[in-house]
Amino acid sequence: THSLPMASDHTTHPLVALVALYAGALGLKLLLLPAYRSTDFEVHRHWMALTAKLPFDNWYLDETSEWTLDYPPLFAWFERLLACGGERVEPQMLTLSAVPYVSAATVAYQRCSVIAFDLLLLGGAASLAVSLAPAATQRVKPRAAAS
């Protein structure tokens, strides 16, 4: 296991700053949970629907909505993964339609999935920060005076 390198008495360890930044962003996202939604919500809802309802060969050919899938396949598979959870929360959100579908459960699911994947990203960033922490952040023993 890795331990956090010690920072000097007057600095904050980068990992602590990273967690504090995430906590602030999380608070803001939670406050916005019931607030506005942009067309991006419908775009991503539609992409979840088409990856859940159509075979892979048709993902980039679907014209049910103006929001055609135009991202690389890895991202499309990520939308498919999100659709698996969305189907459990509210199956109607995965309806392929030119008419936008909006519900409180759909918006909450989309926002919470962003928060969950932000946490996953934070975990990866924290792990990387700990493993790459420079020796300079560790307490340095004073050098003996040269004679």
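As a reminder, the structure under discussion sits directly above these lines.
Described below are features of the structure shown in this document. (Residues numbered from 1 in each chain as written. Predicted model: local features only at pLDDT ≥ 70, side-chain atom pairs only at ≥ 80, totals over all residues. Heavy atoms only, no water.)

1. Quick notes on the nonpolar core
For soluble globular proteins, nonpolar side chains are generally found buried alongside one another.
Stage number 1. M48, A49, L82, A83, M93, L94 and Y109 together form the largest nonpolar core, which totals 7 residues.
Stage number 2. Those elements that provide at least two residues to this core are α2 (39-53) and α3 (73-89).
Stage number 3. Once you skip the residues sitting within four places of it in the chain, L82 turns out to touch M48, Y109, S113 and F117. (Core = buried A, V, L, I, M, F, W, Y, C linked by side-chain atoms within 4.5 Å. Buried < 20%, exposed > 50% of the residue type's maximum accessible area, 1.4 Å probe, protein only. Helix = DSSP H or I, 4+ residues; strand = E, 2+ residues; numbered from the N terminus. Contact = heavy atoms within 4.5 Å.)

2. Observations concerning the packing of α2 against α3
To characterise two packed helices, one gives the angle between the axes of the helices and the distance between these axes.
Stage number 1. Put simply, α2 and α3 touch, their axes get as near as 8 Å, and they point 90 degrees apart. The angle between the axes of α2 and α3 places the two elements in the roughly perpendicular class. Residues H44, W47, M48, T51, A52 and K53 of α2 lie in contact with α3, whose contacting residues are F75, A76, E79, R80, L82, A83 and E87.
Stage number 2. The residue inventory of the contact of α2 with α3, partitioned by class, reads 7 nonpolar, 2 polar and 4 charged. (Axes fitted to C-alpha atoms, helices over the stretch in contact; angles between N-to-C directions. Parallel < 35°, antiparallel > 145°, perpendicular 65-115°, else oblique. Nonpolar A, V, L, I, M, F, W, Y, C, P; charged D, E, K, R; others polar.)

3. A look at a nonpolar patch on the surface
Stage number 1. Taken together, F56, Y60 and W77 make up a surface patch of nonpolar side chains, about 300 Å² in accessible area.
Stage number 2. Residue placement: F56 occurs in the loop between α2 and α3. (Patch = residues over 30% accessible without salt bridge, like charges linked within 9 Å, V, L, I, M, F, W, Y side chains within 5 Å. Areas by Shrake-Rupley, 256 points an atom, 1.4 Å probe, with all protein chains shown as cover. Salt bridge = Lys/Arg side-chain N within 4 Å of Asp/Glu carboxyl O.)

4. Quick look at the packing of aromatic side chains
Stage number 1. The tally for this structure, following the rule as stated, stands at 8 aromatic pairs.
Stage number 2. Look at W47 and Y71: their rings are 5.0 Å apart centre to centre, the planes differ by 55 degrees, and that puts the pair in the tilted class. Placement of the pair is W47 in helix α2 and Y71 in the loop between α2 and α3, with a sequence separation of 24 residues.
Stage number 3. A relative accessible area of 4% places W47 in the buried class.
Stage number 4. Cluster of aromatic residues (ring-pair linked, three or more members): W47, Y71, F75, F78 and F117. (Phe/Tyr/Trp six-rings, centres within 6.5 Å; stacked < 30°, edge-to-face > 60°.)

5. What about the environment of F56?
Stage number 1. Overall, F56 belongs to the partly exposed group, its relative accessible area being 38%.
Stage number 2. Sequence spacing of F56 and A76 is 20 residues, and the spatial spacing of their C-alpha atoms is 9.3 Å.

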